[in-house]
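As a plain string of letters, each chain reads:
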Amino acid sequence: QVQLVESGGGLVQAGDSLRLSCAASGRTFSSYVMGWFRQAPGKEREFVAGISWSGRNTPYADSVKGRFTISRDNAKNTVYLQMNSLKSEDTAVYYCAARPDYATIASTLLMNYDYWGQGTQLTVSS
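A look at the side chain of arginine 72
1) Next: Its location among the elements puts arginine 72 in strand β6 (residues 68-73).
2) Next: Among buried Asp, Glu, Lys and Arg side chains, arginine 72 stands out as unpaired, with aspartate 73 the closest opposite charge at 8.4 Å.
3) Next: Reaching out from arginine 72, the side chain makes a polar contact with the backbone oxygen of tyrosine 32 at a distance of 2.7 Å.
4) Next: Among the polar contacts made by the side chain of arginine 72, one reaches the main-chain carbonyl oxygen of serine 52 at a distance of 2.8 Å.
5) Next: Excluding residues within four positions of it along the chain, arginine 72 makes contact with Phe29, Ser30, Tyr32, Val33, Met34, Ile51, Ser52, Trp53, Gly55, Thr78 and Val79.

What to know about the state of the cysteines
Covalent bonding between the sulfur atoms of two cysteines defines a disulfide.
1) Next: Scanning all chains against the criterion turns up one disulfide.
2) Next: Between the sulfur atoms of cysteine 22 and its disulfide mate cysteine 96 the distance is 2.1 Å. Every disulfide takes its handedness from the sign of the S-S torsion; for cysteine 22 and cysteine 96 that torsion is -80°, giving left-handed. Of this pair, cysteine 22 sits in strand β3 (residues 18-24) while cysteine 96 sits in strand β8 (residues 92-100), placing them 74 residues apart in sequence.

Conventions we followed
Residues numbered from 1 in each chain as written. Predicted model: local features only at pLDDT ≥ 70, side-chain atom pairs only at ≥ 80, totals over all residues. Heavy atoms only, no water. Helix = DSSP H or I, 4+ residues; strand = E, 2+ residues; numbered from the N terminus. Buried < 20%, exposed > 50% of the residue type's maximum accessible area, 1.4 Å probe, protein only. Lys, Arg positive; Asp, Glu negative; His and termini not counted. Salt bridge = Lys/Arg side-chain N within 4 Å of Asp/Glu carboxyl O. Polar contact = N/O pair within 3.5 Å; in protein donor to acceptor, adjacent residues only side chain to side chain. Contact = heavy atoms within 4.5 Å. Disulfide = S-S within 2.5 Å.

In short, the description is geometric, and any link to function would need to be established separately.
Here is the structure:
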């Protein structure tokens with residue numbers, strides 16, 4: 001069983017930066033593919049960014065490419081999402097997800113992730 005706890009959400013203004021963190025349980029975190037997803041009110045949950053177990057593969061949604069950066073610290077069992085140049089349309093609940101798999105490619109599909117955190121709210125005011 002893998003437990004994920006997100007933190008770092010809040011209320012910011014358009015143009016600001018913020019970093020989300022996701023702490024994971026488990027002694028084999030370094031083997032997990034990790035992902036960030038988000039869900040805005042009335043919309044489906046969507047992929048934001050992913051990172052392979054090695055960190056070499058980091059796909060991004062087109063809407064965040066160039067503004068968001070995903071990274072991981074295996075020594076701390078933590079994955080991060082650095083968000084810059086935030087926009088009002090980034091407002092959503094952000095979820096961390098894990099797939100215990102030595103995959104070299106981080107999946108962009110919700111169905112491929114086995115564990116999910118409870119989410120952290122990000123609100124960007126314009």
